[in-house]
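Structural overview
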Amino acid sequence: MNTTANPVPRRLPAGACISHAIKSVRNNIGYAFRISWPWYLVLAAMNIGIFAIAGFAGTTEAEINFGIYIPLVIVAAIVTILAFASIAVNWHRYILLDQVPVGGELFRLDGLTWRYVGNVWLIGLIVGLVFMAGMLPLMLLAGLSDAIGVAAIIIGLAGFVFVMISTYRLSVKLPAIAIGRRDFALRDAWAATRDNKQPIFLVILFQFLLLIGVAIVFLAIDFTLALIGPTITLVISQLIQAFLGWLLAIFNVTILTSLYGFFVEGRDF
């Protein structure tokens, strides 16, 4: 297996990449559920506990003690991020190494998971700062005239697309972290994916359209359930929302796995 970045950039076949990711999720959906449900039970219990504590902390439903509630929400957000990073690491390792976690590995909170989370934040910080540095002058100039304002909006949208593409290019490092590589840096991910802005954009566009489609389907189901009754609607709606959100998350992680396999390990779809 080739585990070094190819000095000659490969041209990503966007359609094949998307198709491969869909097949990977479909063919391994049982395993994806196996590594996810323990964490989802933890998150569900945690959220129920927070709502219960928030309810007891206030004299009425409208008088929640935010001094208690806000710290709990922050803790819940941190646990949720760690949970999804743990799931992502196990999923990357299964696809790339055929490694199946056993026992406590289902709740993986080792150095790999912490490095994964740290690099997610680092990538977000880098692209966020670059985007803000580019947008700040545009925001200052936008008020000078309507024409400049329109131009600033167009440039801002183009900048946002660039940021999204850059995020995916840098995120090719994340699967490398998951399989324990320390010799693959962000600059290596950037170099391995050069000259592939258009196909990566097409992959991102598909994911965006998929998100919109899933949202429309969910709203249609939610509207139909509302005709049955409020209580059953709330329960079923939350379950469907959690399932669709989980499925999208697994698919997004699979896309990153496919990009890493293609650009770094030289795999074909």
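In this text, all values refer to a predicted model and were calculated from it rather than measured experimentally. (Residues numbered from 1 in each chain as written. Predicted model: local features only at pLDDT ≥ 70, side-chain atom pairs only at ≥ 80, totals over all residues. Heavy atoms only, no water.)

1. Concerning the overall build of the protein chain
- Looking only at helices and strands, the protein chain features nine helices and zero strands.
- Its helices and strands in sequence order give the protein chain the pattern α-α-α-α-α-α-α-α-α, from N to C terminus.
- The 269 residues of the protein chain split such that 39% are buried.
- Once local pairs closer than 6 in sequence are excluded, the contacts in the protein chain between residues at least 24 apart make up 79%.
- For the protein chain, the accessible area works out to roughly 14,800 Å², and carbon and sulfur atoms hold 74% of it. (Helix = DSSP H or I, 4+ residues; strand = E, 2+ residues; numbered from the N terminus. Buried < 20%, exposed > 50% of the residue type's maximum accessible area, 1.4 Å probe, protein only. Contact = heavy atoms within 4.5 Å. Areas by Shrake-Rupley, 256 points an atom, 1.4 Å probe, with all protein chains shown as cover.)

2. Comments concerning the environment of Leu-140
- Along the polypeptide, Leu-140 turns up in helix α4 (residues 111-141).
- What makes Leu-140 exposed here is its relative accessible area of 65%.
- Residues Leu-140 and Ala-152 lie 12 residues apart in sequence; the distance between their C-alpha atoms is 9.7 Å.

3. A word on the confidence of the model for the protein chain
- Of the residues in the protein chain, 90% reach a pLDDT of 70 or more, and the chain-wide mean stands at 85.
- Confidence, read as mean pLDDT per element, is least for helix α2 (residues 29-57) in the protein chain (81) and greatest for helix α6 (residues 173-178) (96).
- This stretch, residues 1-6, has a pLDDT under 50; its non-local contacts, to residues over four places away or in other chains, come to 13 contacts. (pLDDT = per-residue confidence, 0-100.)

4. Some words on helix α8 (residues 197-226)
- For α8, which comprises 30 residues, the first-to-last C-alpha distance of 43 Å matches the rise-based estimate of 44 Å (1.5 Å per residue) to within 8%.
- If you check which residues of α8 are buried, you get Pro-199, Ile-200, Val-203, Ile-204, Gln-207, Val-214, Phe-218 and Leu-225. (Expected span 1.5 Å × (residues − 1).)

5. Describing α4
- In this model, α4 (31 residues) spans 45 Å end to end at C-alpha, consistent with the 45 Å of a helix rising 1.5 Å per residue.
- By the largest-angle criterion, Met-135 marks the main kink of α4, which is about 30°, and a proline, Pro-137, follows within four residues. (Bend = angle between axes of the 7 residues up to and from the residue.)

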